[in-house]
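Listed below, chain by chain, are the residues.
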Amino acid sequence: MAEEAREDAVVIPIGTGGRPGRGSGSARPSSAARNLSATRKPAAAAKKARSAKKATSPKQARPARAKVAPVGEPAPAEQPAAAGDAPTTGIPVGDWLAALQAGAQEVFGDDWERRAAELMAFARRRLEGDYEVDDYGFDRELTERFFMAALRPIAEKWFRLEVRGLENIPAEGGALVVSNHSGTVPLDGLMTMLAVHDKAHRSLRPLGADLVFKMPIVSSLARKSGATLACVEDAERMLSGGELVGVWPEGFKGIGKPFSERYKLQRFGRGGFVSAALRTGVPIIPLSVVGAEEIYPLVGNVPSLARLLGVPYIPITPFFPWLGPLGMVPLPSKWILEFGEPIRTDSYDAGEAEDPMLVFNVTDQVRETIQHTLFDLLRERDGVFS
Amino acid sequence: MGRVVLVTGISRDIGRRFARAAAGDPSIDRVIGVDVIPPRGDIGDVSFVRADIRNPVIAKVLAKEDVDTVVHMSVIATPGSAGGRGTMKELNVIGSMQLLAACQKSTTVDRLVVKSTTTVYGSSPRDPAMFTEDMGPKRLPSSGYAKDVYEIEGYVRGFARRRPDVDVTMVRAANVIGPHVSSPLTNYFRLPVIPRVLGFDPRLQFLHEDDLMRVLAHAATHAVPGTFNVAGDGLLTLAQAVRRLGTPSVALPRFAVGRLGATMRQARLSDFSPEQLGYLTYGRGVDTARMRSVLGFEPSFTTAEAFADFCRSVAPATERAREGAGRG
């Protein structure tokens, strides 16, 4: 091949032969550029050699990694030159394997073999239906492996969740977490679930409105992630089963309130959650969430359309629906979750759950605790986004 | 002196098998099977009386045979076999009323066992996760099987009030499943491609056919008045069930599944009923604590085991292939 190149070198004159070189608009590099190339071939030879070796040379130089490793950093200098005319065949099998291995290592870390095997086993179990759900349809495996993993970066990087008062969550046994509700979309519920799962290592079982279970997709996701309907029967069943249950008694009045009323607690339903806690004798843990009000500032509503669609409200924010899908990106406010001191209910008789006055008093106590903690946290924080 | 048991609805497979099993029970002397059409299979020691429970003849049968236990299981779920919804309703509701009227007149009957179903609770997004026996449906069923059962249960409760000396046991069985069961739900799972409702993954609960036999025999031989949910332990979601079955499934919007079901019903391909659509959208779970504590019955199959047993009958080819692959 070298002979051939040398022979050709006789025929082809050195230089561009008077034709315009640089900036000619031709795709081929000028002779000056060829002289600078790393192959250090004579300029004239390079021209012919290039066409002769077209099928083999360039791709050998190309790094295998750039094509295979999906998350690896791209090789910056070589890639643009190689990408132009490099076909995908001809990479030695060893290179492919090395690249795959490097990619796997990148994704799964050092014990990638075990982790990859685990993932395959997981996928297989899912596809064969060989997994368990509890009485409420809670799929622990799916929740921990997917839902929580998907929420974690949002919580940590976007909302920068700060969790306080974790010691107030009992390590075991039934307890009722009562939280304020805000943010147009119930992201606060999801974030609370994640915080409880990651920091307190328990599964928070949210109670959702019946609308949640009426909507396609949402309903099946809700049941799989451990939610059940907010009704007395389910609340008592879960609490007496020793679960950590989360309720948002403000409901749609809370998340759908206008931005001007932020951090003002709405009516706490009929206090059904309190009678459930009284009957089962579990502590009530007030939770105050600051930051969720600012993610989608609700400035308007389309009641007629909402009625037509059968939803409680159609949100209008400064960005939605004006910016389309971009308007659905929540604002990156800084969140603080503070779990308050548990309010014990085991000193009351189960029969006292029927006493409406007691139920109202305890409801008010929980509400006041959350409201005051909210005000304290608001005074304390420097700014919405800091 | 053992008991004399009258079983209604023995022309159907479940009724016939229960009657046969009861005839083999040492504490039961005689079993009399009643239906309008003779049973197709072997009924063993069961004496068959051809009678229509829709007319008062049934009272004569009760008196003549000195029946002391009546097991009512002729409530049918689909109009398919009866020929039309009108006939089905008449068989179910009028038949039950006549039977109860005959029982009320009878001086010998001291125990009544009614095979009801958890379908009576309905399926809606406002349902609690688990129904207990003292809960009712969130919305009254407006038509079909669920309405029939709801009405029959009402009459049975009325009967229990009027004859407090008779032990009335109502067995609300979850969907019965097993290799020999032919019901709307098993037919649904036997479809070559299973249509699912897009975006919903209902929770299902099953009772194995053998357990149904056992619980009815248990109720017929023990005096435990009351209403009891009977189901295998645990739950399966529809997605799980379909994956375990290994049948391809297709998710369609709810209205399309309803439309498809109606078309298949008209074409007599499947008996997909409207209440079944609700069940396959929202699912249902029932609490079986009273089954254990009061009725004293323990099912031998969990929901998952009952379904696995059913799977083996549905897809022997798939199963064999899988076993072959396992060996190779």
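Residues numbered from 1 in each chain as written. Chains lettered and ligands numbered in written order. Predicted model: local features only at pLDDT ≥ 70, side-chain atom pairs only at ≥ 80, totals over all residues.

### Some thoughts on the nonpolar core
Grouped together as the largest cluster of nonpolar side chains are 144 residues, with contacts concentrated most on L176 of chain A together with V7, V171, L216 and V230 of chain B. Of all the elements, helix 5 (residues 144-162) of chain B adds the most residues to this core, at 7 residues. Among all residues touching V230 of chain B, those that are not within four sequence positions of it are V171, R172, A173, A174, L207, V215, T288, M291 and F297 of chain B. (Core = buried A, V, L, I, M, F, W, Y, C linked by C-beta atoms within 7 Å. Buried ≥ 20, exposed ≤ 12 C-beta atoms within 10 Å, placed from the backbone. Helix = DSSP H or I, 4+ residues; strand = E, 2+ residues; numbered from the N terminus. Contact = placed C-beta atoms within 7 Å.)

### Side note on the interface of chain B and chain A
Opposite the 17 residues of chain B that make contact, chain A presents 22 residues. With 4 residues, helix 8 (residues 238-245) of chain B is the single largest residue contributor to the side of chain B that touches chain A. Here the side of chain B that touches chain A is built from residues that sort into 8 nonpolar, 4 polar and 5 charged. (Nonpolar A, V, L, I, M, F, W, Y, C, P; charged D, E, K, R; others polar.)

### Topic: unusual backbone geometry
All names here are of chain A. The residue after F320, namely P321, is reached through a cis peptide bond having omega 5°. At I217, a residue that is not glycine, the phi angle is positive and equals roughly 65°. Of note, I217 is situated in the loop between helix 11 (210-214) and helix 12 (218-224). Here I217 falls in the exposed class, since 11 other C-beta atoms lie within 10 Å of it.

### Section: the confidence of the model for chain B
Residue and element names in this part refer to chain B. Here chain B averages 88 in pLDDT, and 94% of its residues register 70 or above. Considering each helix and strand of chain B separately, the mean pLDDT is smallest for helix 13 (residues 316-327), with a value of 50, and largest for strand 10 (residues 206-208), with 96. Contacts for the low-pLDDT stretch residues 324-328, under 50 throughout, to residues beyond four places or in other chains number 0 contacts. Scored as a whole, the predicted complex attains pTM 0.80, and scored at its interfaces, ipTM 0.86. (pLDDT = per-residue confidence, 0-100.)

### Quick look at the sheet that holds strand 4 (residues 228-229) of chain A
Residue and element names in this part refer to chain A. The sheet built from 7 strands is open, its strands ordered 1-9-6-2-5-3-4 with mixed pairing. Edge positions in the sheet fall to strand 1 (162-164) and strand 4, since each has one partner strand and no second. Judged from the 3 bridges that link them, strand 3 (residues 204-208) and strand 5 (residues 244-247) form a sheet pairing that is parallel. When the sheet's bridge partners are listed, R205 is paired in strand 5 with V245. Running over the sheet, helix 10 (residues 187-200) touches strand 1, strand 2 (175-179), strand 3, strand 5, strand 6 (284-290) and strand 9 (336-339) and is turned about 165° from strand 3. (Pairing = 2+ DSSP bridges. Axes fitted to C-alpha atoms, helices over the stretch in contact; angles between N-to-C directions.)

### So, the sheet that holds strand 3 (residues 47-50) of chain B
Residues and elements named next belong to chain B. Strand order across the open sheet formed by 7 strands is 3-2-1-4-5-6-11, with parallel pairing between neighbours. Edge positions in the sheet fall to strand 3 and strand 11 (226-230), since each of these pairs with one other strand and no more. For this sheet the average axis-to-axis angle between neighbouring strands, irrespective of direction, equals 20°. Pairing geometry for strand 6 (residues 167-173) and strand 11, over 5 bridges, is parallel. The partner of V171 across the bridge, within strand 11, is F228. The strands that helix 1 (residues 13-23) touches are strand 1 (3-8) and strand 2 (28-35); relative to strand 2, the one it contacts most, it runs at about 165°. Across the sheet, helix 5 touches strand 5 (111-117) and strand 6, and the angle it forms with strand 6 is around 160°.

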